[in-house]
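# Residue-level structural notes
Here are the chains, one letter per residue:
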Amino acid sequence: MTMEKIMSLDPSSARVAILGLGKMGLPMASRLVAAGWNVVGFDPSPAAAAAFVQAGGQAAASAREAAEGAGAVVTMLPDGKAVRAVLAGPEGIAGHLAPGAIVIDMSSSAPVGTRDLAKELADRGIVLVDAPVSGGVKRAVDGTLAIMVGGDHADAVRPLLESLGTSLFETGPVGSGHAMKALNNYVSAAGLTAACEALRIGASFGLDPALMTDILNVSTGRNNSTDVKLKPYVIPKSYTSGFSMALMAKDLRTADDLARHEGVPAPLSGTIAALWQDALAELGPGADHTAIDAYLVGLPASAKD
């Protein structure tokens, strides 16, 4: 496979298939259309496909149809298992991609699995780049996502990714982007958990949660959750940030699995992953991730001690 084929990825010549038009995939696909890319999307949900057509895109009837003739295939799916199924499963599209095609997995996949999948695709002449994102739906709509790019061909996909994000980081070999995403969400979830606990403890003692948030945000306790989640979602108990508890719990399991795979002692990672898994079981997959606050409130006194 030649670098010339990969480097030809630009709006004037490349057909891009986007598989997954959910909360993140739809605004990302729409951003590519607005930037002049020739985009064909697929999602099993007719409503999602219709929304993409309304945004100016083309919708395919199947993943295979979307990928036919594509120079790049972008996956924005729930996890690495779904990515593997659509690419290399019994009905996978990898056998229908031309040598020189590039797959950009922007899902939050398990990094070890990504590395294995990249080897399988390479045997078919297909490059895999992992490029998970951070920033949520708002930044997907704005085109200001942070994107973590793993693999040897980050330069080849940069023109496309620059239509989606403003902070692009080349993290290293394939799988490293997914590793960084999982570890980022581990730190994020740990910060949110600590912030929710702090507000509950302070309120019990008589402190005002809004005042506590203001103080945290000019002090050393400041983090993303104190900045953007406490006042709009946690304190009023709206729990409507738009990122699900199921996805966060999955990313936390991924981070903890990575620690175990690498043989790195990470006791807090295991504790946080287990806590969020229990919260998911209690609140259900439809819960917003900021509802971890509600789960903490409902813990029995023995669990809070």
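Higher on the page you've got the structure.
We now turn to the structure provided with this report. (Residues numbered from 1 in each chain as written. Predicted model: local features only at pLDDT ≥ 70, side-chain atom pairs only at ≥ 80, totals over all residues. Heavy atoms only, no water.)

### Focus: unusual backbone geometry
Selection rule: Buried residues are those whose accessible area, probed at 1.4 Å on protein chains only, stays under 20% of the maximum for their type, while exposed residues exceed 50% and partly exposed ones sit between those limits. Put simply, DSSP marks the helices as runs of H or I at least four residues long and the strands as runs of E at least two long, and each gets a number from the N terminus on.
We note that K237 has phi near 60 degrees; this positive angle belongs to a residue other than glycine. When its relative accessible area of 48% is taken as the criterion, K237 is described as partly exposed. Of note in this structure, Y239 is not a glycine but carries a positive phi near 50 degrees. Here Y239 shows up in the loop between α12 (230-234) and α13 (245-262).

### Focus on the side chain of T114
Using the following cut-off: Between two residues, a contact is recorded if the distance between any of their heavy atoms is within 4.5 Å.
Among the structural elements, T114 can be located in helix α6 (residues 111-122). If we skip the residues at most four places from it in the chain, T114 touches S109, L128, D130, V174, G175 and H178.

### With respect to the pairing of strand β5 (residues 102-105)
Selection criterion: The rule for pairing is simple: two strands pair if DSSP sees at least two bridges between them. We call a crossover right-handed when, viewed with both strands directed away from the observer, the connection leading from the first strand over the helix to the second proceeds clockwise.
Residues I102 and I104 line one face of β5 and the alternating positions V103 and D105 line the opposite face, and both faces are buried. Note: strand β4 (residues 72-75) against β5, four bridges, orientation parallel. The residue bridging V74 from the neighbouring strand is I104, located in β5. The pairing of β5 with strand β6 (residues 127-130) spans four bridges and is parallel. Each bridged residue has a counterpart across the sheet, and for V103 the counterpart in β6 is L128. Handedness of the crossover joining β5 and β6 through α6 is recorded here as right-handed.

### Section: the nonpolar core
Our working rule: Only buried Ala, Val, Leu, Ile, Met, Phe, Trp, Tyr and Cys residues count toward a nonpolar core, and they belong to the same one when joined by side-chain atoms within 4.5 Å.
Within the largest apolar cluster, 34 residues are counted, with the highest numbers of intra-cluster contacts made by V16, M28, M106, I147, L160 and L161. Residues in contact with M106, not counting those within four places in the same chain, are M28, V74, T75, M76, A131, P132, V133, I147, L161 and L164. Core analysis: the second largest hydrophobic core is formed by 29 residues, V234, I272, Y295 and L296 among them.

### Comments concerning helix α2 (residues 25-34)
Residues three or four positions apart in an α-helix share a direction because the helix packs 3.6 residues into each turn. In terms of residue burial, α2 counts as a mostly covered element, since seven of its 10 residues are buried. Of the positions making up α2, those classed as buried are G25, P27, M28, A29, S30, L32 and V33. Following α2 by one or two positions, G36 adopts a phi angle in the positive range, close to 100 degrees.

### Digging into empty space enclosed by the protein
Here the idea is plain: a probe the size of a water molecule rolls over the atoms and shows the empty space left. We count it as follows: The definitions used throughout rest on a 1 Å grid laid over the protein atoms alone, on which a cavity is an enclosed set of points accommodating a 1.4 Å probe that cannot get out and a pocket is an open set flanked by protein within 12 Å on both sides along at least five of seven lines; lining residues are those having an atom within 4 Å of a point. Grid points are joined across faces, edges and corners, and a volume is the space filled by probe spheres set on the points. Basically, the charged four are Asp, Glu, Lys and Arg, the nonpolar ten are Ala, Val, Leu, Ile, Met, Phe, Trp, Tyr, Cys and Pro, and anything else, Gly included, counts as polar.
Under the counting rule described, the total for this entry stands at one cavity of 30 Å³ or more. Quantified by volume, the largest cavity comes out at close to 30 Å³. S108, S109, H178, K181, A182, D251 and T254 together form the lining of the largest cavity. At the level of elements, α9 (176-205) and α13 are the ones that each hand at least two residues to the lining of the largest cavity. A per-element tally of the lining of the largest cavity places α9 first, with three residues. Each residue belonging to the lining of the largest cavity can be placed in one class, and the counts come to one nonpolar, four polar and two charged.

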